[in-house]
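In case you want the letters, here they are:
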Amino acid sequence: MFHSAGRARREHDTTTIPNISALAVLQGVSKTFGSGDTAVHALARFDLTIAAGELLVVLGPSGSGKTTLLNVVGGIEAPTTGSISVDGRALTGLDAKGMAALRRESLSFVYQFFNLVPTLTAYENIAVLAELTGGAVRFRVERVLAEVGLAECANRFPAELSGGQQQRVAIARALVNRPRLMLCDEPTGALDLDTGRTVLTLLQRLCHRDDRAVVLVTHNQAIAAIADRVLRMRSGDIVDDVQHSTPLAASEVSW
Ligand code: ADP
Ligand code: MG
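What you see is a predicted model, and the numbers here were worked out from it, not measured in a lab.

**Q** What am I meant to see in the overall build of the protein chain here?
**A** For the protein chain, the helix and strand inventory stands at 7 helices and 10 strands. Computed over its C-alpha atoms, the radius of gyration of the protein chain comes to 18 Å, within 12% of the 18 Å expected for a compact globule of 255 residues. Projected onto its principal axes, the C-alpha coordinates of the protein chain cover approximately 50 × 45 × 40 Å. By the burial criterion, 49% of the 255 residues in the protein chain qualify as buried. For the protein chain, the computed accessible surface area is about 11,900 Å², with 53% contributed by carbon and sulfur atoms. In the protein chain, 25 side chains carry a positive charge and 26 a negative one; their mean positions are 4 Å apart.

**Q** Honestly, the site of ligand 1 in this entry has me stumped. Any pointers?
**A** Around ligand 1, a shell composed of Phe33, Val40, Ala42, Pro61, Ser62, Gly63, Ser64, Gly65, Lys66, Thr67 and Thr68 is seen. Between ligand 1 and the protein, one listed contact pairs an oxygen atom with a backbone N or O atom of Gly65 at 3.1 Å. Measuring from an oxygen atom of ligand 1, one finds a side-chain N or O atom of Lys66 at 2.8 Å. Protein chains shield 59% of the accessible area of ligand 1, which is 560 Å² for the free molecule.

**Q** I would appreciate a short explanation of the packing of helix H4 (residues 122–132) against helix H6 (residues 163–175) in the present structure.
**A** In a packed pair of helices, the relevant descriptors are the angle between the two axes and the axis-to-axis distance. Packing of H4 against H6 leaves a shortest axis separation of 9 Å and a crossing angle of 25°. Classified by the interaxial angle, the pair formed by H4 and H6 is roughly parallel. Classified by chirality, the crossing of H6 by H4 is right-handed. Residues Ala122, Asn125, Ile126 and Leu129 of H4 form the contact with H6, whose own contacting residues are Val169, Ala172 and Arg173.

**Q** Where do I start with the sheet that holds strand S6 (residues 107–110) in this structure?
**A** Whether parallel or antiparallel, the strands of a sheet pair through hydrogen bonds between backbone atoms. The mixed open sheet is built from 6 strands, whose spatial order is S6-S7-S8-S3-S9-S10. Strand pairing shows two members of the sheet lacking a second neighbour, S6 and strand S10 (237–243), which therefore form its edges. Neighbour-to-neighbour, the strand axes of the sheet open up by a mean angle of 15°, direction not taken into account. In the sheet, S6 pairs with strand S7 (residues 181–185) via 4 bridges, with the strands oriented parallel. Each residue of the ladder has a partner; that of Val110, found in S7, is Cys184. Packing of helix H7 (residues 193–210) onto the sheet brings it into contact with strand S3 (55–59), S7 and strand S8 (213–218), and relative to S8 it is tilted by some 150°.

**Q** Explain the pattern of salt bridges to me, please; I cannot follow it from the model alone.
**A** Working definition: two side chains of opposite charge can pair if their charged atoms are close together. Scanning the model with the defined rule gives 12 salt bridges in all. Two residues, Asp87 and Arg180, come together in a salt bridge whose shortest N-O distance is 3.5 Å. Note that Asp87 is positioned in the loop between strand S4 (81–86) and strand S5 (89–90) and Arg180 in the loop between H6 and S7, a separation of 93 residues in sequence. Across the pair, exposure class does not vary: Asp87 and Arg180 are buried alike. With its nearest N and O atoms 3.0 Å apart, the salt bridge here joins Asp210 to Arg212.

**Q** Explanation requested: the environment of Ala100 in the structure shown.
**A** Within the secondary structure, Ala100 is located in helix H3 (residues 96–106). Judged by its relative accessible area of 30%, Ala100 is partly exposed.

**Q** Honestly, the nonpolar core in this entry has me stumped. Any pointers?
**A** Note on soluble globular proteins: their nonpolar side chains tend to be buried together. One finds Ile126, Val141, Ile171 and Met182 to be the most contacted residues of the largest nonpolar core, which totals 45 residues. Mapped by element, the contributors of at least two residues to this core are S3, H4, helix H5 (137–147), H6, S7, H7 and S8. With residues near it in sequence (within four places) discarded, Ile126 still touches Val141, Val144, Leu145, Val169, Ala172, Arg173 and Val176. Counting 28 residues, the second-largest nonpolar core is a separate cluster that includes Ala24, Val72, Leu102 and Leu231.

Cut-offs applied
- Residues numbered from 1 in each chain as written.
- Chains lettered and ligands numbered in written order.
- Predicted model: local features only at pLDDT ≥ 70, side-chain atom pairs only at ≥ 80, totals over all residues.
- Heavy atoms only, no water.
- Helix = DSSP H or I, 4+ residues; strand = E, 2+ residues; numbered from the N terminus.
- Rg over C-alpha atoms; globule rule 2.2 N^0.38 Å.
- Buried < 20%, exposed > 50% of the residue type's maximum accessible area, 1.4 Å probe, protein only.
- Areas by Shrake-Rupley, 256 points an atom, 1.4 Å probe, with all protein chains shown as cover.
- Lys, Arg positive; Asp, Glu negative; His and termini not counted.
- Charge placed at Lys NZ, Arg CZ, Asp CG, Glu CD.
- Near = heavy atom within 4 Å.
- Polar contact = N/O pair within 3.5 Å; in protein donor to acceptor, adjacent residues only side chain to side chain.
- Axes fitted to C-alpha atoms, helices over the stretch in contact; angles between N-to-C directions.
- Parallel < 35°, antiparallel > 145°, perpendicular 65-115°, else oblique.
- Left-handed = near helix turned anticlockwise from the far one by under 90°.
- Contact = heavy atoms within 4.5 Å.
- Pairing = 2+ DSSP bridges.
- Salt bridge = Lys/Arg side-chain N within 4 Å of Asp/Glu carboxyl O.
- Core = buried A, V, L, I, M, F, W, Y, C linked by side-chain atoms within 4.5 Å.

Structure follows, in structure tokens:
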């Protein structure tokens, strides 16, 4: 099928992919909102390579550009300057259709407030996306619900689930297209410690087991301990970039 054929082709096309383990490459990326006196430089010339299998935690105070970074990597915002490639494909230059295909096939988002449709069950919230990416909808939705430990909750509405369960449904939804890159914006920001830990444990496992990359944006310093790599941002700049050789198991994290 198109999806697997496309991936196989990309894997063998070494002329366009200098580093096969690089899932996302940003070169000279900046993002400015507005112009003149009111211009806001949300990202200042960013160079960043995100590797497969990497849990990258991006830390920074409010307004430091974390969400903007996710949005440009995820193709939701176009950068003002620079180039971005994801999963071997250049974002810059893709038309709307190409961008939609890339987002469907390679990327997914997880948000602080889950963004589930309140009038759809857990199953239906996921099925809506599964239908966009091909067949075997029931099989795929049931598999991802089981993956996040919520097989029993398929027919519940978001209001009948706890916050932690809603976030796990959102993560299941984000997994249904088998993304190479998951972009998570404050995924535990609305959760207490116990449920936050459950969600982080899930994200850490998904990252390492399936060799995808997970970018986890947070202003919670404690979460940095579970990262393979920690990026600290301030005013749109990377001020620190540190690798952890032995990250903390997310089940042990505390704040
Ligand atoms: P963070 O996620 O770290 O809190 P953001 O990426 O949301 O930071 O914002 C970085 C800066 O860009 C902030 O000064 C914010 O006000 C500004 N900004 C973000 N999005 C927009 C927008 N759509 N229009 C204008 N300014 C924006
Ligand atoms: Mg933000």
